[in-house]
Every structure is written in C-alpha cells, then in structure tokens.
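Chain by chain, the residues:
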Amino acid sequence: KLEETSPNEYQDNKFVCQRATPLKHHNTKFTDALEILERHAVYVDSTQRDSRALAFRRAACALKSYPKQITRIEEASKLSSVGNHSKKEILENGSSDEVQDILSSEFFKTMEVFSSIYGCGPATARKWYEKGYRSIADVHHAVSDGMKLTEQQTMGFKYHSDLVKPVPKEEAINIKDIVIKELSKIQPNCIVELVGGYRRGKLSGHDVDILITHQNNSKVEGLLHKLVERLEKLDLMVGRNPHFESKTLYLKSVKGIGEGSQRQGGHMDSLDHCFCMFQMGKSFENEKVEHSCMQTTGEADETGTSTGSSSSEQMAAVVRRVDLIVAPHKQFPFALLGWTGSKQFNRSLRDYAWKVLKVKLSNHGMWDHKHIPVRQVEATSEQEIFHELKLEYRDPHDRNA
Ligand code: DCP
Ligand code: MG
C-alpha cells in the first residue's frame, strides 16, 4: 500500500521534470483511462500528437505525481495540466462512456493489434485499417497478394507472438550478462547499463535497452561492430540486420529504417546503435559455444557449467527485442539520461531546458544558447546534468512520467 502524503507538498509545476513521477501512484484508475484516450487520439491522428494526445498525457502525469488519491473534482481542477476533457474522465470515475466506447470499437481494437507489430507505427496501422484490413490474417493475405512490408515489419510479423510477450526483468538482466560476457572478450573494462523502463523500476518491458561505454574513447570506436559480429557467431541473433551488411554502424544508416524507427526515432541521437532480436532459451548450442569460449579464454566458472542444460531445457525458446547502444564516455551521462526515459520525462526535460534556460539538451550533451557564441556545458554524471539545469535531482524511479 502506498503511503499518502499531504497534497500541500504537491507542486503544480508546469514541467513534469520538476516533480517526482513514481511508477506506483494513487490514481491508476484515472491514468489508465487517460492513457486509453491518449492512445486513441494518436490512432485517430498520428500527426496531431502534439495536441490532444499530449494533453491527456500531461493530465495523466499530473495525477501520477499527485501524492494522494483524487476523490473530488475540485482537487483535480486545481491541477493546471488537467484540462476539461480529462476532468470529465475523473468526474465519471475513470470509466466514462467515451472510454468504454473506444475500448469496444472495431477501430481501436484493430489499431491495437496492428500497433503491436514491430515496425508498424500508427500511420501504417491506420493505412491498413483504411484499406479494410481487420486482422493479422488480413494483412498476411494482402502480403501474399503482393503488398510490400518493410524489413522490420517482416521480422515483426514473423516473431509477433514472441515479441508481444513482456520481457521479465530477470531475463533482461540475463541478456545484459550475456552482453557483458561477450564484451569482456573483445574489450575489457566496458561500462554496461540496463536502461529503459527497467532502470526506472519496471519489472517487465517490451524490449531490452543496453547502453555501453568505455573510459578510453579509442576503445569505443568500432566496439559495437565487433560485439555484433561476436553475438552473431554465438548464433544468438535472429534475422539479418541490414545495417550491418553495409558495415556502417552509425545512426546515419539506422535513421532511414522506416516507421518502427520513428517511434524509437524520438531520440534523434546519432550514437552507434543496433536494434536487433535475440533468440533466447534455444540455448543448447548457445550454451555450448559459450562454454567453449569460456574454456579458451580460461574464464570457466561454476555458474557457467552448472546452469547449462537444465535451465535451457526448462526455458521455452523465445525471441526478444534488444537495443544495443554505444556512447563515447564524455556523452555517456547524457545518453544514460536519454535512454532511461521515460519518453515524456525526456520531452519535459528538454522543453524545460530550452524554454527556461535556453539550453539545448540531447543524448550527446547540452549547449547553452544564452551564451554567445554557444557554449557546450559538460557533465560527468546525471546528477551534474540536473545541477547544471538548476533542477532537483530525480532518481530514475521518479522519472516515470
Ligand atoms: N526514448 C525517447 N524517445 C523515443 C523512444 C525512446 O526518449 N521516441 C527513450 C526513453 C525510453 C528509452 O528511450 O524510456 C527506451 O525506449 P523504449 O521504447 O524501450 O521505452 P521503455 O524502455 O521506457 O519502455 P518498455 O519498458 O516498454 O521497453
Ligand atoms: Mg525498453
């Protein structure tokens, strides 16, 4: 049970990044409903994300960080981000006719199914809906009749039943450990962080985001390429990553990969990164390869030998989405902040930095535009970034906007 605190301590600030937004909060009933309204608004008009959908998201954020359960509409009315439409939802106790209608509509249900396909963003989902497709089978038929899919969508369909399964945190840690182990054979002393939702305290996620750096910049260059080659040899990656065929490992080559990446593309960073899929649990061969690697490098340990077959026998084979990102050490705190999210927290932080301080913040660094000529502001930790931005530090667990 969450402890409630006095709303007097609640600051109805304009920017979400100025408040703590915990994962568990007191107003789930309302925020769940608002999130449906938000998703629906995106489906109806994916170009209008900045207006209706964002208004619902901001209202949900205000309720998420409110220190007690909202019981009276006057209480919600005091929150500046809660607009009239969202207020209506609260008045109707989180189960308005509107939400019920959305949930039972063919449009929403179909858009939810299409959006669950990796590589299919709201614009494509809508295009398919407008063509009359109502199910995955309908899209399959269209494909056999000659409709083209992007490479990502093809992979998305192929592994759809796996990719919709949430990844438990233990498995994400397991994947991180595999990456650490393989990295150690290429380049000792890398720094590896599990980022995304897990770092904010979530116990499951839709993918596994792993951020990598090394104190020595010269060791960072080409590191991702070597890592991917090594993982491919372990027979761990499924599909072919078109970007690695060309052997160019920069975002320049990743940027153009269609809508699925646009969803990710909010980052707009040009760190080396590889969006890939790992085949987990198939592991008899994986285990053996790994084992022989360990022996040749003399790194065999108890866990490596004892987990072996019994755990892989129990674990059902499943394909997981993994994002590997490599950042130069100097940019690491910014990449860490950006890849930890949430997306809305990042949006708010960047908005705040620019509007209040004339500072441009990205996953690479920050630049003070009040200073002429523009001056880069360095930071060696997330704490320092918050400090430079004149913000109270927020632990990742409080960035769940
Ligand atoms: N991110 C962002 N803008 C985007 C996409 C992502 O700023 N358009 C950042 C914030 C996310 C992080 O990258 O928290 C990782 O992206 P994910 O899409 O994997 O998001 P999460 O890890 O938060 O969610 P999930 O738990 O579903 O994987
Ligand atoms: Mg994630």
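Please read these numbers as outputs of a predicted model, since none were measured by experiment.

Conventions used here
Residues numbered from 1 in each chain as written. Chains lettered and ligands numbered in written order. Predicted model: local features only at pLDDT ≥ 70, side-chain atom pairs only at ≥ 80, totals over all residues. Heavy atoms only, no water. Donors = N, O, S within 2.8 Å, 3.2 Å for Na, K, Ca; no water. Buried < 20%, exposed > 50% of the residue type's maximum accessible area, 1.4 Å probe, protein only. Helix = DSSP H or I, 4+ residues; strand = E, 2+ residues; numbered from the N terminus. Pairing = 2+ DSSP bridges. Patch = residues over 30% accessible without salt bridge, like charges linked within 9 Å, V, L, I, M, F, W, Y side chains within 5 Å. Areas by Shrake-Rupley, 256 points an atom, 1.4 Å probe, with all protein chains shown as cover. Salt bridge = Lys/Arg side-chain N within 4 Å of Asp/Glu carboxyl O. Lys, Arg positive; Asp, Glu negative; His and termini not counted. Charge placed at Lys NZ, Arg CZ, Asp CG, Glu CD. Contact = heavy atoms within 4.5 Å. Axes fitted to C-alpha atoms, helices over the stretch in contact; angles between N-to-C directions. Parallel < 35°, antiparallel > 145°, perpendicular 65-115°, else oblique. Left-handed = near helix turned anticlockwise from the far one by under 90°. Nonpolar A, V, L, I, M, F, W, Y, C, P; charged D, E, K, R; others polar. pLDDT = per-residue confidence, 0-100. Phe/Tyr/Trp six-rings, centres within 6.5 Å; stacked < 30°, edge-to-face > 60°. Core = buried A, V, L, I, M, F, W, Y, C linked by side-chain atoms within 4.5 Å.

## Quick word on the coordination of the magnesium ion (ligand 2)
Six octahedrally arranged donors around a metal ideally form angles of 90 or 180 degrees; four tetrahedrally arranged donors ideally form angles of 109.5 degrees.
Move 1: Protein coordination at the magnesium ion (ligand 2) comes from Asp 207 (OD) and Asp 209 (OD), with a distance range of 2.1 to 2.2 Å. For the pair Asp 207 and Asp 209, one class covers both residues: buried.

## Focus on the pairing of strand 6 (residues 272–280)
Move 1: Across the nine residues of strand 6, nine count as buried, placing the element largely inside the fold.
Move 2: Along strand 6, one buried face is formed by Asp 272, Cys 274, Cys 276, Phe 278 and Met 280 and the opposite face, lined by His 273, Phe 275, Met 277 and Gln 279, is buried too.
Move 3: Pairing of strand 5 (residues 237–238) with strand 6 involves two bridges; the strand directions are antiparallel. Directly across from Val 238, in strand 6, lies its bridge partner Met 277.
Move 4: Two strands pair when backbone bridges link them, and strand 6 and strand 7 (residues 318–326) are joined in this way by nine bridges, in the antiparallel orientation. Among the inter-strand pairings, His 273 is bridged to a residue of strand 7, identified as Ile 325.

## Concerning a positive patch on the surface
Move 1: On the surface, Lys 14, Arg 58, Lys 343 and Arg 347 cluster together into a positively charged patch.
Move 2: You can see Lys 14 is positioned in the segment before helix 1 (28–44).

## Details of the sheet that holds strand 5
Move 1: Across the sheet, which stays open at both edges, the five strands sit in the order 2-4-7-6-5 with mixed pairing between neighbours. The open sheet terminates on both sides in strands that have one partner only, identified here as strand 2 (191–194) and strand 5.
Move 2: Strands strand 4 (208–213), strand 5, strand 6 and strand 7 of the sheet are contacted by helix 13 (residues 223–233), whose axis makes an angle of about 15° with strand 6.

## Some thoughts on helix 19 (residues 332–340)
Move 1: Counting buried positions over the nine residues of helix 19 gives nine, a clear majority of the element.
Move 2: Of all the positions in helix 19, only Phe 332, Pro 333, Phe 334, Ala 335, Leu 336, Leu 337, Gly 338, Trp 339 and Thr 340 are classed as buried.
Move 3: Of the residues one or two after helix 19, Gly 341 is the one with positive phi, at around 70°.

## Here we look at the packing of helix 1 against helix 2 (residues 52–65)
Move 1: Between helix 1 and helix 2, whose axes approach to 8 Å, the crossing angle comes to 165°. By the angle between their directions, the pair helix 1 and helix 2 is classed as roughly antiparallel. For the element pair helix 1 and helix 2, the recorded crossing hand is left-handed. Residues Phe 30, Thr 31, Leu 34, Glu 35, Leu 37, Glu 38, Ala 41 and Val 42 of helix 1 pack against Arg 52, Ala 53, Phe 56, Arg 57, Ala 59, Ala 60, Leu 63 and Lys 64 of helix 2.
Move 2: Across the contact of helix 1 with helix 2, the residue classes tally to ten nonpolar, one polar and five charged.

## Here we look at the confidence of the model for the chain
Move 1: With 80% of its residues at a pLDDT of at least 70, the chain reaches an overall mean of 83.
Move 2: Under a pLDDT of 50 for its full length, residues 245–267 has, in the predicted model, 40 contacts with residues more than four places off or in other chains.
Move 3: When the criterion is pLDDT under 50, residues 284–313 qualifies, and its contacts beyond four places in sequence or with other chains add up to 30 contacts.
Move 4: For this predicted complex, the interface confidence comes out at an ipTM of 0.97, alongside a pTM of 0.85.

## Topic: the packing of aromatic side chains
Move 1: One pass over the structure, following the stated rule, counts seven aromatic pairs.
Move 2: Both rings, one in Phe 15 and one in Tyr 352, keep their centres 5.5 Å apart while their planes meet at 80°; by these two values the pair is edge-to-face. Placement of the pair is Phe 15 in the segment before helix 1 and Tyr 352 in helix 20 (residues 343–357), with a sequence separation of 337 residues. The same class applies to Phe 15 as to Tyr 352, namely buried.
Move 3: Where Phe 345 meets Phe 386, the ring centres are 6.4 Å apart and the plane angle is 40°; that geometry is what we call tilted. Of this pair, Phe 345 sits in helix 20 while Phe 386 sits in helix 21 (residues 382–388); the two residues are 41 residues apart in sequence, bridging distant segments of the chain.

## Overview of the nonpolar core
Move 1: By size, the foremost hydrophobic cluster in this structure holds 36 residues, and its most contacted members are Leu 63, Ile 70, Phe 114 and Trp 128.
Move 2: The biggest single contributor to this core is helix 1, with eight residues.
Move 3: Contact partners of Trp 128, with chain neighbours within four places excluded, come to Phe 114, Ile 117, Cys 120, Tyr 133, Val 139, Met 147, Leu 149, Gln 153 and Phe 157.
Move 4: Membership of the second largest hydrophobic core comes to 30 residues, among which are Leu 183, Ile 210, Cys 276 and Phe 278.

## Observations regarding the pattern of salt bridges
Move 1: This structure, assessed with the given rule, holds 17 salt bridges.
Move 2: When the shortest N-O distance is used, the salt bridge between Arg 134 and Glu 106 registers 3.5 Å. Of this pair, Arg 134 sits in the loop between helix 7 (122–130) and helix 8 (136–144) while Glu 106 sits in helix 6 (residues 106–115), and the two are 28 residues apart along the sequence.
Move 3: For Asp 323, the salt bridge is made with Arg 321, and the minimal N-O distance between the two is 2.7 Å. Each member of the pair Asp 323 and Arg 321 is classed as buried.
Move 4: Shared partners join several salt bridges into a network, and the residues in it are Glu 182, Lys 185 and Arg 230.

## So, the sheet that holds strand 8 (residues 359–361)
The strands that make up a sheet pair up through hydrogen bonds in the backbone, lying either parallel or antiparallel.
Move 1: Spatial strand order, 8-9-10: three strands in an open sheet with antiparallel pairing. This sheet does not close on itself; its edge strands, each paired only once, are strand 8 and strand 10 (375–377). Pairwise comparison of adjacent strand axes, ignoring direction, gives a mean angle of 25° for this sheet.
Move 2: By the bridge criterion, three bridges tie strand 8 to strand 9 (residues 366–368) in an arrangement that is antiparallel. By the bridge assignment for strand 9, Val 359 is matched with Asp 368.
Move 3: Along the sheet, helix 20 makes contact with strand 8 and strand 9, crossing strand 8 at roughly 165°.

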